[in-house]
Amino acid sequence: MIETFETPEALARAAAEATITALSQPLQAGGRGSLVVTGGRSPGLVYDLLSRAPLDWARVDITLSDDRFVPADHPASNEALVSTRLRVGAGAASRFIPLRRPAPSAAVSADLAEAEVAALAPFHMTLLGMGPDGHVASLIPGADRLKSAMDPTGARVCLGIDQAIGDPPLPRITLSLAALLQSQAIIILIAGPEKRQVIARAKAGADLPVGALLTQTRVPVRVLWTP
């Protein structure tokens, strides 16, 4: 079921509240919280709200669902979005585990990030966007290694895609489907009628990466949509 919100601000409040609840549970139990976040246009307002949330951010670990293999100050970097919208204010106390590492390729970068990211699982909350082609994270139709990345039983958490793909076309590092399924909860943020139609097609059985999340039963998935 798609949850409809009249404005982006209302959607952002719902996503932020769910994330705060998910992170509060392990923090109240004396542990650490783990949060997987996304890039793109959808989550900025969510991050603004989260950055001001009264959480013990020093005990929250944050990583990305995917990133482009570009420097952290590049305009296409998802890490840059997290640094400027989420890890500011109270959120600046959080610990960030990047996917992009100093390396000669996206594949090597993924290898270097693998152990640290895997240690964060299970992820208490995962926030995702979705492309018009139905991709989530950088599980993009036509990508190299997509078949292995979409294996729900795969052993790898991080995968590097050295071909230039997506929008903009760049090499990427992504969490695998198997990694995403180590989340305790997933929220997919979408906007506009086109993406609502993509969700409907995926639920109806279209072979789209997002469909693998929508049709599985291991992890609760919420789709939040605004016109």
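Look up a bit, the structure's there.
If you're wondering where the values come from, they're calculated on a predicted model, not measured in any experiment. (Residues numbered from 1 in each chain as written. Predicted model: local features only at pLDDT ≥ 70, side-chain atom pairs only at ≥ 80, totals over all residues. Heavy atoms only, no water.)

## Some details on the pairing of strand β7 (residues 158-165)
Note that β7 and strand β8 (residues 170-175) share five bridges and pair antiparallel. The residue bridging G160 from the neighbouring strand is I173, located in β8. Here β7 folds back onto β8 in antiparallel fashion, the turn holding four residues, of which G166 has a positive phi close to 85°. (Pairing = 2+ DSSP bridges. Helix = DSSP H or I, 4+ residues; strand = E, 2+ residues; numbered from the N terminus.)

## Examining the sheet that holds strand β5 (residues 95-97)
Spatially, β1-β10-β9-β6-β2-β3-β5 is the arrangement adopted by the seven strands of the open sheet, whose pairing is parallel. For this open sheet the edge positions go to β1 (2-4) and β5, each flanked by a neighbour on one side alone. For this sheet the average axis-to-axis angle between neighbouring strands, irrespective of direction, equals 25°. Strand contacts of helix α3 (residues 78-86): β2 (33-37), β3 (60-64) and β5, with the helix running at about 145° to β3, the strand carrying the most contacts. (Axes fitted to C-alpha atoms, helices over the stretch in contact; angles between N-to-C directions. Contact = heavy atoms within 4.5 Å.)

## Here's the deal with the pattern of salt bridges
Within this structure, the stated rule accounts for nine salt bridges. As a salt-bridge pair, R85 and D48 come within 2.7 Å of each other at their nearest N and O atoms. One end of the pair, R85, is in helix α3; the other, D48, is in helix α2 (residues 44-50), and 37 residues separate them in sequence. Under the relative-accessibility criterion, R85 is labelled partly exposed at 28%. Between D56 and R59 there is a salt bridge, with the nearest N and O atoms lying 2.8 Å from each other. Residue classification places D56 among the partly exposed positions, given a relative accessible area of 35%. The class of R59 is partly exposed, set by a relative accessible area of 24%. What emerges from the salt-bridge pattern is a single network uniting R32, D61 and R95. (Salt bridge = Lys/Arg side-chain N within 4 Å of Asp/Glu carboxyl O. Buried < 20%, exposed > 50% of the residue type's maximum accessible area, 1.4 Å probe, protein only.)

## Re the sheet that holds strand β4 (residues 66-68)
Here three strands make up an open sheet; going across it, the order is β4-β8-β7 and the pairing antiparallel. Of all strands in the sheet, those bounded by a partner on one side alone are β4 and β7. Taken over all neighbouring pairs, the strand axes of this sheet differ in orientation by 20° on average, direction set aside. The pairing of β4 with β8 spans three bridges and is antiparallel.

## Remarks on the packing of aromatic side chains
Tallying each qualifying case throughout the model produces zero aromatic pairs. Seen from the ring of F69, R100 lies directly overhead, with NZ or CZ sitting 4.3 Å from the centre. Its guanidinium or amino end placed over the ring of W225, R196 lies 4.5 Å from that ring's centre, counting from NZ or CZ. (Phe/Tyr/Trp six-rings, centres within 6.5 Å; stacked < 30°, edge-to-face > 60°. Lys NZ or Arg CZ within 6 Å of the ring centre and 35° of its normal.)

## A few points about the side chain of T19
If you trace the backbone, T19 turns up in helix α1 (residues 8-28). Not counting chain neighbours up to four residues away, the residues in contact with T19 comprise L35, L50, M125 and L127.

## Thoughts on helix α7 (residues 193-203)
Restricting attention to buried positions, one finds in α7 the residues K195, V198, I199 and A202. The arc that holds every buried residue of α7, seen down its axis, measures 100°, which confines them to one face. Exposed side chains of α7 directed beyond 90 degrees from the buried face belong to P193 and Q197. Positive backbone phi, approximately 115°, marks G205, located one or two places after α7. (Arc of directions from axis to C-beta.)

## What about the pairing of strand β9 (residues 186-191)?
Among the six residues that make up β9, five are buried, leaving the element largely enclosed by the rest of the structure. Sheet analysis places strand β6 (residues 125-128) next to β9, joined by three bridges and oriented parallel. Bridge assignment links L128 to a residue of β9, and that residue is I188. Bridge analysis of β9 against strand β10 (residues 221-226) gives six bridges, and the strand direction is parallel. By the bridge assignment for β10, I188 is matched with V223.

## Some remarks on the environment of I186
Note on placement: I186 falls in strand β9. Separated by 155 residues in sequence, I186 and G31 place their C-alpha atoms 20 Å apart. Apart from residues lying up to four places away in sequence, I186 is in contact with M125, T126, L128, L180, L213, V219, P220, V221 and R222.

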